[in-house]
Amino acid sequence: MINQIVTNTARRQFALALNFEDGMAPDLPACTDEKQRLLYIHIPFCEELCPYCSFHRIRFEEGLTRKYFDALRREMALYREKGYRFSGVYVGGGTPTVLMDELSETLHLARKMFPVTSISVETNPNHLTDANIIMLQQAGVNRLSVGVQTFNDDLLKKLARYDKYGSGELIAERLRQTMGSFDTVNADMIFNFPEQTEQMLEADLAILLKLNMEQITFYPLMVSTLTQRLMKETLGDVNFRREKSFFKLILRRLESQHNSSSAWCFSRKKAAKSLIDEYVVDFDEYAGLGSGAIGFLNGVCYANTFDIEQYIANLTQGKLPLQASRKFDLPDQIRYDFLMKLFSTRLNVNDLEKKYDGRFFKTLWKEMVAFTLAGSFRYFSPNLHLTPHGRYLWVIMMREFFIAVNNFRDYCRKQAGLI
Ligand code: SF4
């Protein structure tokens, strides 16, 4: 019952939080401080469109993609002109490696413009070629995150990934060859697909353990309301009731060899602290560049236009392609920090009291009491730690957070006439 209460409450709260003010293009203020920020870059092109995917993505077309990368580099220059500096870069998609020469030029430029110390890039298994790996290394990439989802061939066929991205065996072999080429190679996995059985999940886990993967991110399936309806026709219904037992199985299998970098990310033991997919955990602020990218700067959440032609046109005219924004008031910011910091499985209470001038506990005391009574945390001064039960509650909350983001994306894509 507690899981259902958390699901419903989180769903309501996040839907409200992602209610953006549309209409007038928001203005981005100049930056006057030296805070550590992350540069998120979105590449919305894919060779195949997977039926469960709620991200902002369209089918790859070379001419449009080249114009898009050119616009992206102009956008980076506009942020630099406004005084923004970034220490980390995360390139997500879509499929960022869809045109390697363009990606490489963009990353080289980012390193020239900003004091970048870490770069993460997402990719698909078919792009794990020797030539691409060398180009990514030369562009300064430290962490490569590979979209695997599952090694099960029947599921891969149903997910429309088998023909383009390869069989489970081929994907495992490519991962094996890529490991050691970067500080971290991460396998992005999904659990709780319709038709996925416990045996299939066990088999995926056995392959990952045999590969001795440096990092594994195991997302619960999180699709927007619209995608859920579309997915029903191809893959079937999502059954959230199985999610907890699947998650427990993942914890049991991975715990012996891996530490938790977040509620659903596992990094191999003894590895130095590694970057993870959820840069929202490591960085309080990030700029979102590219069509449909979302940024969070100075307490304001910004979204770029989802209309790719419009995005290119704006930047050709030297204008930022911002479409909507939402200012988070102080209690919103405190709640957001609480959610994200505990997602990393621990939260330093003193740091947050200091950051919010003693208002952290005063604002969140009701939530703290409720989660304590539900057995979600343990307090070892000065940190709150998620218990195994709390960890699953955080999986639910983050799942609902990303579903709300996906619903917001669908809304914007509809406005842009893309769906
Ligand atoms: S899952 Fe990845 S490859 Fe498939 S459509 Fe979504 S972004 Fe593209």
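Everything numeric here is computed off the predicted structure, so don't read it as measured data. (Residues numbered from 1 in each chain as written. Predicted model: local features only at pLDDT ≥ 70, side-chain atom pairs only at ≥ 80, totals over all residues. Heavy atoms only, no water.)

Split into domains, the protein comes out as domain 1 (1–20 + 330–413) and domain 2 (21–281). The interface of domain 1 with domain 2 comprises 25 residues on the first partner and 28 residues on the second. Of the roughly 2400 Å² buried where domain 1 meets domain 2, counting both sides, 60% is carbon and sulfur surface. Counting across the domain 1 and domain 2 interface gives one salt bridge. Glu243 is paired through a salt bridge with Arg399; the nearest N and O atoms lie 2.7 Å apart. At the junction of domain 1 and domain 2, the tally comes to eight residue pairs in polar contact (both at pLDDT 80 or more). Taken together, the elements giving at least two residues each to the side of domain 1 that touches domain 2 come down to helix H13 (330–343) and helix H16 (388–415). Along the lines of polarity and charge, the residues of the side of domain 1 that touches domain 2 split into twelve nonpolar, seven polar and six charged. (Domains from an automatic or database assignment. Contact = heavy atoms within 4.5 Å. Buried area = accessible area lost by both parts, 1.4 Å probe. Salt bridge = Lys/Arg side-chain N within 4 Å of Asp/Glu carboxyl O. Polar contact = N/O pair within 3.5 Å; in protein donor to acceptor, adjacent residues only side chain to side chain. Helix = DSSP H or I, 4+ residues; strand = E, 2+ residues; numbered from the N terminus. Nonpolar A, V, L, I, M, F, W, Y, C, P; charged D, E, K, R; others polar.)

What follows deals with the site of the ligand. Close to the ligand lie Cys46, Glu48, Leu49, Cys50, Tyr52, Cys53, Phe55, Arg57, Gly94, Asn124, Arg161 and Tyr165. In terms of residue class, the shell around the ligand is made up of seven nonpolar, two polar and three charged. (Near = heavy atom within 4 Å.)

Moving on, we get to the sheet that holds strand S15 (residues 346–348). If you walk across this open sheet you meet the three strands as S15-S17-S16, and the pairing is antiparallel. Either end of the sheet is taken by a strand with one partner, and the two such strands are S15 and strand S16 (377–380). Within this sheet the neighbouring strands show an average axis-to-axis angle of 20°, counted without direction. Two strands pair when backbone bridges link them, and S16 and strand S17 (residues 383–386) are joined in this way by four bridges, in the antiparallel orientation. Paired with Tyr379 across the bridge in S17 is Leu384. Helix-sheet contacts for H13 involve S15, S16 and S17, and the interaxial angle to S15 is about 125°. (Pairing = 2+ DSSP bridges. Axes fitted to C-alpha atoms, helices over the stretch in contact; angles between N-to-C directions.)

With that settled, the discussion passes to the side chain of Ser376. One can find Ser376 in the loop between helix H15 (360–373) and S16. You can call Ser376 buried: its relative accessible area is 0%. Those residues within four positions of Ser376 in sequence are excluded, and the remaining contacts are Phe371, His385, Leu386, Thr387, Gly390 and Leu393. (Buried < 20%, exposed > 50% of the residue type's maximum accessible area, 1.4 Å probe, protein only.)

In this structure the tally under the stated criterion is 29 aromatic pairs. Aromatic pair Tyr286 and Phe296: ring centres 6.5 Å apart, planes at 40°, arrangement tilted. Note that Tyr286 is positioned in strand S11 (residues 286–289) and Phe296 in strand S12 (residues 294–297), a separation of ten residues in sequence. Here Tyr286 falls in the buried class, since its relative accessible area comes to 7%. (Phe/Tyr/Trp six-rings, centres within 6.5 Å; stacked < 30°, edge-to-face > 60°.)

For the coordinates displayed, the defined rule picks out 21 salt bridges. Its salt-bridge partner being Glu195, residue Lys158 comes within 2.8 Å of it at the nearest N-O pair. Here Lys158 is found in helix H5 (residues 153–158), whereas its partner Glu195 is found in the loop between strand S7 (184–191) and helix H8 (198–211), with 37 residues between them in sequence. Overall, Lys158 belongs to the partly exposed group, its relative accessible area being 37%. The exposure class of Glu195 is partly exposed, given its relative accessible area of 44%. The structure contains a network of salt bridges with shared partners spanning Glu62, Arg66, Arg73, Asp101, Glu102 and Glu105.

Attention now goes to the pairing of strand S8 (residues 215–220). Taken across its six residues, S8 has six buried, putting it largely inside the fold. Relative to S8, S7 runs parallel, the two sharing six bridges. Looking at the pairing, Phe191 lines up with Pro220 of S8. Traced from S7 through H8 to S8, the parallel crossover comes out right-handed. With three bridges joining them, S8 and strand S10 (residues 265–268) adopt antiparallel strand pairing. (Right-handed = clockwise from strand over helix to strand, strands pointing away.)

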